[in-house]
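Analysis of the macromolecular model
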Amino acid sequence: MAVMLETTSAPGHYGPYGGRFVPEALTAALDQLDREFRAAITDESFTRRLSELERTYTGRPNPLTLARRFSEHCGGATVYLKREDLNHTGSHKINNVLGQALLAERMGKTRLIAETGAGQHGVATATAAALLGLECVVYMGEEDTRRQALNVARMKLLGAEVIPVTTGSKTLKDAINEAMRDWVSTVDQTHYVLGTVTGPAPFPEVVRTFHQVIGREARAQILEAQGRLPDAIVACVGGGSNAMGLFSGFIDDPQVQLRGYEAGGSGVETGKHAARFAAGTPGVLHGARTYVMQDEWGQTVPSHSISAGLDYPGVGPEHAWLHDTGRATYTPINDDEAMEAFRVLCRTEGIIPAIETAHALAGVMRLGRELGPDSIIIVNLSGRGDKDVATAARWFGIDLGGVASDALSVEMAEGR
Amino acid sequence: MSRRLADVFAAAKSENRAALIGYLPAGFPDRDTCVDLISTMVESGVDAIEVGLPYSDPLMDGAVIQEAVERALIGGTTTDVVLDTVRRVTEAGAVAVVMSYWNPIERYGVQRFAANLAQAGGVGVITPDLTPEEAGPWIDASDEHGVDRIFLVAPSSTDARIATVVSSTSGFVYAASTMGVTGARTSVSTGAGDLVARARRQTALPIAVGLGVSTGEQAAQVATYADGVIVGSAFIRRILEATDSKAARESVAALAREMAEGVRA
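The structure presented is a predicted model; accordingly, all values stated were derived computationally and were not measured.

**A closer look at a nonpolar patch on the surface**
- On the surface, a nonpolar cluster with roughly 280 Å² of combined accessible area is contributed by A:W395, A:F396 and A:I398.
- Following the sequence through the fold, A:F396 ends up in helix 15 (residues 389-396).

**Some words on the sheet that holds strand 7 (residues 173-176) of chain B**
Residue and element names in this part refer to chain B.
- On the basis of which strands lie adjacent, the open sheet formed by nine strands has the order 5-4-3-2-1-9-8-7-6 and parallel pairing. With one partner strand each, in any of the chains shown, strand 5 (148-150) and strand 6 (152-153) form the two edges of the open sheet.
- The pairing of strand 4 (residues 124-126) with strand 5 spans three bridges and is classified as parallel. Directly across from G124, in strand 5, lies its bridge partner D148.
- Contacts from helix 11 (residues 233-241) reach strand 1 (19-25) and strand 9 (228-231), with the element oriented near 50 degrees to strand 1.
- Docked against the sheet, helix 12 (residues 245-264) engages strand 1 and strand 9, running at close to 150 degrees with respect to strand 1.

**Notes on the nonpolar core**
- Counting residues in hydrophobic clusters, the biggest one holds 158 residues, and the most contacted among them are B:F113, B:W138 and B:F172.
- If you look at the next biggest cluster of nonpolar residues, it comprises 34 residues, including A:A67, A:V234, A:A274 and A:A392.

**Remarks on the environment of B:A160**
All names here are of chain B.
- Mapping A160 onto the fold places it in helix 8 (residues 159-168).
- What makes A160 exposed here is its relative accessible area of 56%.
- Spatially, the C-alpha atom of A160 lies 27 Å from that of V98, the residues being 62 residues apart in sequence.

**Focus on the interface of chain A and chain B**
- Each partner contributes residues to the interface: chain A has 37 residues there, and chain B has 38 residues.
- Between chain A and chain B, the buried area comes to about 3,100 Å², and carbon and sulfur atoms account for 52% of it.
- Of all residues in chain A, the largest losses of buried area upon contact with chain B belong to A:E24, A:R181 and A:W297, amounting jointly to 24% of the total for that side.
- Applying the counting rule to chain A against chain B returns three salt bridges.
- Among the salt bridges present, the one from A:R289 reaches B:E106, with a minimum N-O distance of 2.5 Å.
- At the boundary of chain A and chain B, one finds 21 residue pairs in polar contact (both at pLDDT 80 or more).
- Looking at the side of chain A that touches chain B, the elements with two or more residues in it are helix 1 (27-41), helix 8 (172-186) and strand 12 (281-285) of chain A.
- Among the elements that line the side of chain A that touches chain B, the one with the most residues is helix 8 of chain A, at seven residues.

**A look at the packing of aromatic side chains**
- One pass over the structure, following the stated rule, counts 14 aromatic pairs over all chains.
- Following the ring pairs from residue to residue traces out a cluster consisting of A:Y17, A:F277, A:Y291 and A:Y330.

**Some details on the sheet that holds strand 7 (residues 161-165) of chain A**
Residues and elements named next belong to chain A.
- Strand order in the open sheet formed by four strands is 7-6-5-8, and the pairing between neighbours is parallel. Each edge of the sheet is formed by a strand with only one pairing partner; in this case those strands are strand 7 and strand 8 (190-192). Each strand of the sheet is rotated relative to its neighbour by a mean of 20 degrees, with strand direction disregarded.
- Sheet topology places strand 5 (residues 111-116) next to strand 6 (residues 135-141); six bridges connect them, and they run parallel. By the bridge assignment for strand 6, A114 is matched with V138.

**A few points about helix 8 of chain A**
- Over its 15 residues, helix 8 of chain A runs 21 Å from end to end, which matches the ideal 21 Å to within 8%, given 1.5 Å per residue.
- Along helix 8 of chain A, 14 of the 15 residues are buried, which leaves the element largely enclosed by surrounding structure.

**Observations regarding the side chain of B:D47**
All names here are of chain B.
- Mapped onto the elements of the fold, D47 is located in the loop between helix 2 (31-43) and strand 2 (48-52).
- Exposure remark for D47: the relative accessible area of 17% places this residue in the buried category.
- For D47, the side chain forms a polar contact with the side chain of R17, separated by 2.9 Å.
- For D47, the side chain forms a polar contact with the main-chain nitrogen of L20, separated by 2.7 Å.
- When near neighbours in sequence (up to four residues on either side) are disregarded, D47 contacts V8, R17, A18, A19, L20 and V95.

**Remarks on the packing of helix 10 (residues 241-248) of chain A against helix 12 (residues 317-325) of chain A**
Residues and elements named next belong to chain A.
- Between helix 10 and helix 12, the shortest axis-to-axis distance is 10 Å and the interhelical angle comes to 60 degrees. Put simply, helix 10 runs oblique to helix 12. As helix 10 packs across helix 12, the resulting crossing turns out to be left-handed. Between helix 10 and helix 12, the contacting residues are A243, M244 and F247 on the first element and E318, H319 and L322 on the second.
- Its residues assigned to classes, the contact of helix 10 with helix 12 shows four nonpolar, one polar and one charged.

**Things to note about the pairing of strand 12 of chain A**
Residues and elements named next belong to chain A.
- In this structure, strand 12 lies alongside strand 13 (residues 288-292), joined through five bridges in antiparallel fashion. Counterpart to L285 in the pairing with strand 13 is A288.
- Linkage of strand 12 to strand 13, two consecutive antiparallel strands, is achieved through a turn of two residues, within which H286 is found at a positive phi near 50 degrees.

**Let's talk about the confidence of the model for chain B**
- In this model, chain B carries a mean pLDDT of 96, and residues with pLDDT of at least 70 account for 100%.
- Listed scores for the predicted complex are pTM 0.95 and ipTM 0.95.

**Brief notes about the pairing of strand 4 (residues 78-82) of chain A**
Residue and element names in this part refer to chain A.
- The element strand 4 is largely enclosed, with a buried count of four among its five residues.
- Across three bridges, strand 3 (residues 64-66) lies against strand 4 in antiparallel orientation. Along strand 4, the bridge assignment pairs L66 with Y80.
- Taken together, the five bridges between strand 4 and strand 15 (residues 376-380) define a ladder with parallel strand orientation.

Reading the values: rules and limits
- Residues numbered from 1 in each chain as written.
- Chains lettered and ligands numbered in written order.
- Predicted model: local features only at pLDDT ≥ 70, side-chain atom pairs only at ≥ 80, totals over all residues.
- Heavy atoms only, no water.
- Patch = residues over 30% accessible without salt bridge, like charges linked within 9 Å, V, L, I, M, F, W, Y side chains within 5 Å.
- Areas by Shrake-Rupley, 256 points an atom, 1.4 Å probe, with all protein chains shown as cover.
- Salt bridge = Lys/Arg side-chain N within 4 Å of Asp/Glu carboxyl O.
- Helix = DSSP H or I, 4+ residues; strand = E, 2+ residues; numbered from the N terminus.
- Pairing = 2+ DSSP bridges.
- Contact = heavy atoms within 4.5 Å.
- Axes fitted to C-alpha atoms, helices over the stretch in contact; angles between N-to-C directions.
- Core = buried A, V, L, I, M, F, W, Y, C linked by side-chain atoms within 4.5 Å.
- Buried < 20%, exposed > 50% of the residue type's maximum accessible area, 1.4 Å probe, protein only.
- Buried area = accessible area lost by both parts, 1.4 Å probe.
- Polar contact = N/O pair within 3.5 Å; in protein donor to acceptor, adjacent residues only side chain to side chain.
- Phe/Tyr/Trp six-rings, centres within 6.5 Å; stacked < 30°, edge-to-face > 60°.
- Expected span 1.5 Å × (residues − 1).
- Parallel < 35°, antiparallel > 145°, perpendicular 65-115°, else oblique.
- Left-handed = near helix turned anticlockwise from the far one by under 90°.
- Nonpolar A, V, L, I, M, F, W, Y, C, P; charged D, E, K, R; others polar.
- pLDDT = per-residue confidence, 0-100.

Below, the structure is given as structure tokens:
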């Protein structure tokens, strides 16, 4: 009711979504970022350096893998995996981080800060900081530092300081609050490497732009492999950066369905979920208007998911617009269905996916049956599952016994 | 006719001093004690009150205010409770504005919020995460219901930004003294004076300085260049540290008196 029903978008807006709802103190920094971003992406020396890093450091282009045996569990549809899990650091997150780290360097900033949920974005940021010789501080919900202990260790090994956030729900949303508070106090030296397509303008556009390489490669690869576009492309959606990267390559092809899968947690009906589209309403969170899990008074409701990376009560504003316009469809996947898809991929393809990604895999198992055996579907394999081994072992009742690493032992000892 | 912000600043100016503005979140430490403490603040020399609307994600606030709003939320403080608090303190003689992050107002309904606030006797709203660019519906609603609209300027604001912000503002301009979040500091940033001077060149509105003011001495210093001094975290800390509500009231009264002397120094 209170949402503006604009039909055209002002800069930084997606229909009524997006915008910039931040303290005035951050306006100058966001304006600077906006200026430098636009200058950089048309500056050949910048784009050449980024492409070079993507090729020689990240390991791009990564393959599009035909998942023959997994396809049998997807109604016989032909399923391809876009292998972001093979990137250096193990997920798509590095694409955005390298771009933003180069921007920070260009702006003369010597310190990177980041929020992280699953730890993948924190690891990627710590990696880029080490590569470019920048200081790095990562804010992570205390709850998440426990369930993703392995990634905390990785960040520390890479030289980053990891600050556990003990306020609010102690998860990703609170880590973003803390990162914003740090940024407003240190903005002269610090660039906030926001990890997903949310936040105040121009962050959603910046992050999407650096992830467009996913969609660009996937489009060329499927045309080469199949001689035609896919019928659908699929991704999990937390904040929505891996989805936005893949979607961007196909958004102008109306025959390609865009399908996003959000975390249904224990089930939308239980209230313990992170299903913003299924159960949220338009509101403002972390600087942007978008779909938000909130109560009748506009207070943010804590989200729940087995996957730390999808455990977020907001979503990127461009997704909100794609949802409202009907261009993309978003569906919740519960924890148990995601974990079944996790198991199936491990056993059929020899690939252990991140639990975030497993939500997309569950989605494609449903969608393949819907679209039938003649269909072609690409799913973004956004990250690998090493970080989730302890959680998965617990879920499936695997005894880690004497083979567990210290980090895993600690987690197991805590009964998590 | 009830007093407006303009009257508060004019009265202070006629006494050749700065106005003193105190902040307290509604529902903190509980609904009734909050109203009681606000009355104490007014009786002890505070000229206008910012009633905070507790929000789950207060990203401009430091640890002290975070703790207070978290307690208020756990205690069930809703937007209706905030409006009721405004009504009660206004009836007790305070001039009250609401300080709120944007989402709760948008969720409540922008028009409805402005109308109900005006009806409760509230005279303005400070919106720390709303800038004029995103404020179209709020500008209309606040105009329609005669509620002052207080936007912020910061040390990082360019002169062009300040011009944009002050042209959309009424009541007073809120100058954030420093780049940072709310909370007491040992000294008020020297950048605050420059910011007030820059804002002064663009507007005839009163300019009040907030963030980091916690002692009478600091209030006196800020009062040499600003029209108003805003104190928040320092009051809350006293309440958090008090052993009971009587001690809280005495401590708040003592701080208000110290600040009131400061703005008169």
